[in-house]
Amino acid sequence: MVRRLLDSPWFYYSLAAVLAVLAIASQFEVKLPSRPVEDVSELATLREQDDINVVFLLIDTLRADRMGAYGYSRKTTPTISELASWGIRFDHVQAHSSWTKTSMASLWTGLLPRHIGVLRYPHAVSDEATMPAEIFQQAGYKTAGIFRNGWVAPNFGFAQGFDQYFRPKPSATPDRFERRSPSTHPLQGSDFDATDSAQEFVRAHAHEPFFLYVHYMDVHQYLYDIESAHFGTTLSDTYDNAIHWTDRNVSSLVATLDDHDLLTKTMIVIASDHGEAFYEHGIEGHAQNLYREVTETPLIVIPPFRLDPGIVVEHKVQNIDIWPTVFDILGLDGMPDTDGRSLLPLILAAGGQGAALPGLEDRMSTAELDQTWGRVSAEPKPIVAMVDGPFRMVHHAVAPDDPELYDRRTDATENVNVAGDHPELVARLRARAEAYLAAPPRFEAPEVELDAMRRAQLRALGYELEEPEPEEEP
Ligand SMILES: [Zn+2]
């Protein structure tokens, strides 16, 4: 038996995986390296350089208010907190949906959901849209995307511009990993696999400019190493445990960048596609409504030098602003005609350099969710959330006369509908929401058919999906 085990490649494969996971566990304690201290005007010099790498870490399903880096009472994100302390943290960030595919289509293209048209289960990002990886690729960067969420798979148009775009091979998760639903068919592997693939990419391309996107999924899956189980055993606690485990993956990847002396020529961007509800509005999870618990996400930009002190931007910003900002900082021609704006003037102003904020102060943000996105045969049922100053209005396209309006100054959880107290504001926001919904898309979103395997991969994320009509036998 032992002999057979030792002869089996799986034994070595599993052993390697366990050792590597242990390595992530131990690297968590490594103190992050110090880097040159610069002030924010140093950002302007990055335009002159053509060898600045970009690492984009998308942590799926991450609520900003559950991160230590955003003031949460639990130390869920020690590494990201440290990175944010020498970088730029945006305190009020809105995602554009509470469902991965719609939200990511807007994040990447800089176009609001209705404008890029990726709203329902079969929709894909148009080939005609400009994606950030295409701009990096044209600028001579090596580009790689590593994802564990089937909603951003190549068939949905998300691979545009990537030299490599792949799911990491899932390793066997050691027994000391816990997950939320052991009885269902879970997503295979863990974010360790994504980190491992990302490290391999960094080692192979350390000598040339690269753009690396890593889409982490263990927070979505509530999966964590029991060494990260500091916070208890309720569902909500295990969400925090999974954030802590993901933070250790970030630590491990940052350590690899440091091993190759890349932290002084790499900009790291950390963001999320949506949050997660814990019964604030009667439901748990996401992809069902557009309240703050599912739309307020983090955005942290770590430049290739150490800002001391780090910068906090308090104005409201949105995920459509991410790539216009990055390309502005790097001096690359960005995407044409996005709905997003470069946040560089806000960053400079927050760092004491310049005060001109042309129209950037507390812009109104827009999110959209088709509540029947997973049921192809159902009529669309879009809702739109508009955040204007302290107010959030939720407009239901199928029930426009029943608006919801919340005032966060007196109602932090958005449970008291004050629409009746603000008729003029409601009328104005309703007109904006209706104009937004009526606008023609900039691109036609192609519809793709999913085979059984792809549907199974999406169901592994916990989504209920309607089966398409069975095809007639010829
Ligand atoms: Zn997601």
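Structure: above.
Residues numbered from 1 in each chain as written. Predicted model: local features only at pLDDT ≥ 70, side-chain atom pairs only at ≥ 80, totals over all residues.

Draft legend 1. Local environment of the sheet that holds strand β15 (residues 365-370). The 4 strands lie next to each other as β15-β16-β17-β18, forming an open sheet whose pairing is antiparallel. Lying at the two open borders of the sheet, with one neighbouring strand each, are β15 and β18 (404-407). In this sheet, neighbouring strand axes are inclined to one another by 15 degrees on average, regardless of whether the strands run parallel or antiparallel. Note: strand β17 (residues 391-396) against β18, 4 bridges, orientation antiparallel. Following the sheet pairing, R392 is matched in β18 by Y406. Sheet strands in contact with helix α13 (residues 423-438) are β15, β16 (382-388), β17 and β18, and its direction is about 130 degrees off that of β16. (Pairing = 2+ DSSP bridges. Helix = DSSP H or I, 4+ residues; strand = E, 2+ residues; numbered from the N terminus. Axes fitted to C-alpha atoms, helices over the stretch in contact; angles between N-to-C directions. Contact = placed C-beta atoms within 7 Å.)

Draft legend 2. Representation of the sheet that holds strand β5 (residues 164-166) within the structure. In spatial order, the strands read β5-β4-β7-β2-β9-β12-β3-β14; together these 8 strands make up an open sheet with mixed pairing. The sheet terminates laterally at β5 and β14 (311-318), the two strands that pair on one side only. When strand polarity is set aside, the average angle formed by the axes of neighbouring strands in this sheet is 10 degrees. With 3 bridges connecting them, strand β4 (residues 142-147) and β5 associate as parallel partners. Paired with A144 across the two strands is Q164, which belongs to β5. Where helix α7 (residues 191-205) meets the sheet, its contacts fall on β4 and β7 (210-216), and the angle it forms with β7 comes to roughly 175 degrees.

Draft legend 3. The packing of α7 against helix α9 (residues 235-259), seen in detail. At a closest axis distance of 10 Å, the pairing of α7 and α9 adopts a crossing angle of 10 degrees. Comparing their axes, α9 and α7 come out roughly parallel. On the side of α7, the interface is formed by D191, F192, T195, A198, Q199 and V202, while α9 contributes T246, N249, S252, L253, T256 and L257. Its residues placed into classes, the contact of α7 with α9 shows 5 nonpolar, 6 polar and 1 charged. (Parallel < 35°, antiparallel > 145°, perpendicular 65-115°, else oblique. Nonpolar A, V, L, I, M, F, W, Y, C, P; charged D, E, K, R; others polar.)

Draft legend 4. Structural detail: the environment of L46. Turning to its location among the elements, L46 is positioned in the loop between β1 (37-38) and β2 (53-59). What makes L46 partly exposed here is the crowd of 18 C-beta atoms within 10 Å. Between the C-alpha atoms of L46 and K265, which are 219 residues apart in sequence, the distance is 9.4 Å. What L46 contacts, discounting residues up to four positions off in sequence, is I52, I329 and L330. (Buried ≥ 20, exposed ≤ 12 C-beta atoms within 10 Å, placed from the backbone.)

Draft legend 5. Region of the structure containing α7. With 15 residues, α7 extends 21 Å between its outermost C-alpha atoms, agreeing within 8% with the 21 Å of an ideal straight helix rising 1.5 Å per residue. Those residues of α7 that sit buried are D191, F192, D193, A194, T195, D196, A198, F201, V202 and H205. (Expected span 1.5 Å × (residues − 1).)

Draft legend 6. Local environment of the nonpolar core. By size, the foremost hydrophobic cluster in this structure holds 120 residues, and its most contacted members are L57, L212, V269, I300, V313 and I347. Among the elements that make up this core, the one with the highest residue count is α9 (8 residues). The two domains that each donate at least three residues to this core are domain 1 (42-350) and domain 2 (365-459). If sequence neighbours within four positions are ignored, V313 has contacts with I88, F90, D91, L343, L346, I347 and A350. (Core = buried A, V, L, I, M, F, W, Y, C linked by C-beta atoms within 7 Å. Domains from an automatic or database assignment.)

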